[in-house]
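Chain and residue survey
Each chain, letter by letter, is given below.
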Amino acid sequence: MSSPKEIIAYISSPTGMEGFEYDLHNSPIKLADLPFPNGQYTAHYFDLKSGPAGSRKRTIHDGRASFGAPIFIDDLAIHIIHPSYDQTQ
């Protein structure tokens, strides 16, 4: 889900694999066809079981981004905000 202002990516555990802890540091999340120009963006992580899971700066280049995520159980939402709309900076 995206707009010129923000992107929301949702990661969900496979059906039948619920309740496990996921650590993606060795298997990065890869996003493509992102509608933002090249640059640094803030990614806010939200674990649907435990709430906010921190923020990190991420780079988008040629519509692509690849990065790790905090450890989570079942589901994780990533909110990437264009710097001109990010009120947390």
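Whatever comes next refers back to the structure up there.
Only a predicted model underlies this, so the values are computations on that prediction, with no experimental measurement involved. (Residues numbered from 1 in each chain as written. Predicted model: local features only at pLDDT ≥ 70, side-chain atom pairs only at ≥ 80, totals over all residues. Heavy atoms only, no water.)

Counted according to the given criterion, the structure contains 2 aromatic pairs. Taken together, a centroid distance of 4.9 Å and an interplanar angle of 20° make the contact between F36 and Y41 stacked. F36 sits in the buried class, given a relative accessible area of 4%. Classification of Y41 as buried rests on a relative accessible area of 2%. Relative to F67, the ring of Y45 lies with its centre 6.4 Å away and its plane at 70°, an arrangement referred to as edge-to-face. Of the two residues, Y45 sits in strand 4 (residues 39–47) while F67 sits in strand 6 (residues 65–67), which places them 22 residues apart along the sequence. (Phe/Tyr/Trp six-rings, centres within 6.5 Å; stacked < 30°, edge-to-face > 60°. Buried < 20%, exposed > 50% of the residue type's maximum accessible area, 1.4 Å probe, protein only. Helix = DSSP H or I, 4+ residues; strand = E, 2+ residues; numbered from the N terminus.)

The next subject is the pattern of salt bridges. Tallying each qualifying case throughout the model produces 1 salt bridge. A salt bridge links K49 to D74; its shortest N-O distance comes to 3.4 Å. With a gap of 25 residues between them, K49 in the loop between strand 4 and strand 5 (51–60) and D74 in the loop between strand 7 (72–73) and strand 8 (75–81) connect regions that are remote in the sequence. For K49, a relative accessible area of 59% translates into the label exposed. Taking relative accessible area as the criterion, D74 reaches 6% and is therefore assigned buried. (Salt bridge = Lys/Arg side-chain N within 4 Å of Asp/Glu carboxyl O.)

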